[in-house]
Amino acid sequence: NCPRNATVRVVGDDDECVLWRVDRRTFRHLVSQNKKNDSEEILAVLEKVPFLRNLDRSTALRQMAECFQQVHFAAGSCIVAKGAIGKIMYVVK
């Protein structure tokens, strides 16, 4: 429950605007469920990374999986440049 950051108004010649809505509780549940599914998928990938295999699955590896975010790159994008200082760990799916 916080103040809105923007005002939304119907503009144009039509008399009405159709919107879809979802209540906060349902939205949070859906986001949480989706995050849980993503974490399980990431966990399965992390378990295959050789230098992470010794981490405990139920704690350290699971916590790590919950922190990862999926990132998309366009074809031809430079993800890591030789000689650059590493600030982000990438795991290729």
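Below is a short write-up of the structure.

Quick notes on the rules
- In this convention, every chain numbers its residues from 1, walking through the sequence in written order.
- A pLDDT threshold of at least 70 governs which residues receive local features in this predicted model, and a stricter bar of 80 or more applies before side-chain atom pairs are shown or counted, although totals over entire chains, interfaces and linings include all residues.
- Side-chain metrics in this entry use all non-hydrogen atoms of the structure; hydrogen atoms and water are not considered.
- Strands here are runs of E lasting at least two residues and helices are runs of H or I lasting at least four, both read from the DSSP assignment and numbered beginning at the N terminus.
- Note on method: radius of gyration uses C-alpha positions; expected globular size equals 2.2 Å times residues raised to 0.38.
- For every residue, the accessible area obtained with a 1.4 Å probe (protein chains only) is divided by the maximum for its type, and the residue is called buried under 20%, exposed over 50%, and partly exposed between those limits.
- In this description, contact between two residues means that some pair of their heavy atoms is separated by no more than 4.5 Å.
- Where accessible areas are quoted, they stem from the Shrake-Rupley method and a 1.4 Å probe; at the residue level, only the protein chains shown are allowed to cover.
- By the counting scheme adopted, Arg and Lys are positive, Glu and Asp are negative, and His together with the chain ends is not counted.
- To locate a charge, the coordinates of NZ of Lys, CZ of Arg, CG of Asp or CD of Glu are taken.
- Note that patches include only residues with greater than 30% relative accessible area and no salt bridge, and the join distances are 9 Å for like charges and 5 Å for nonpolar side chains (Val, Leu, Ile, Met, Phe, Trp, Tyr).
- In the sections that follow, a salt bridge refers to a side-chain nitrogen of Lys or Arg positioned within 4 Å of a carboxyl oxygen of Asp or Glu.

With respect to the overall build of the protein chain
Phase 1 of the analysis: The number of helices and strands found in the protein chain is 2 helices and 0 strands.
Phase 2 of the analysis: Relative to its length of 93 residues, the protein chain is extended, with a C-alpha radius of gyration of 20 Å against a globular reference of 12 Å.
Phase 3 of the analysis: Taken along the three principal axes of its C-alpha coordinates, the protein chain extends 60 × 35 × 25 Å.
Phase 4 of the analysis: Taken across its 93 residues, the protein chain has 9% of its residues classed as buried.
Phase 5 of the analysis: For the protein chain, restricting intrachain contacts to residue pairs at least 6 apart in sequence, the fraction spanning at least 24 positions comes to 32%.
Phase 6 of the analysis: Of the roughly 9200 Å² of accessible surface on the protein chain, a fraction of 53% belongs to carbon and sulfur atoms.
Phase 7 of the analysis: Both charge centroids of the protein chain, one from 15 positive and one from 11 negative side chains, sit 10 Å from each other.

Describing a nonpolar patch on the surface
Phase 1 of the analysis: On the surface, a cluster of nonpolar side chains totalling about 580 Å² of accessible area is made up of Val71, Phe73, Ile79, Val80, Ile88 and Tyr90.
Phase 2 of the analysis: Relative to the helices and strands, isoleucine 88 resides in the segment after α2 (57–67).

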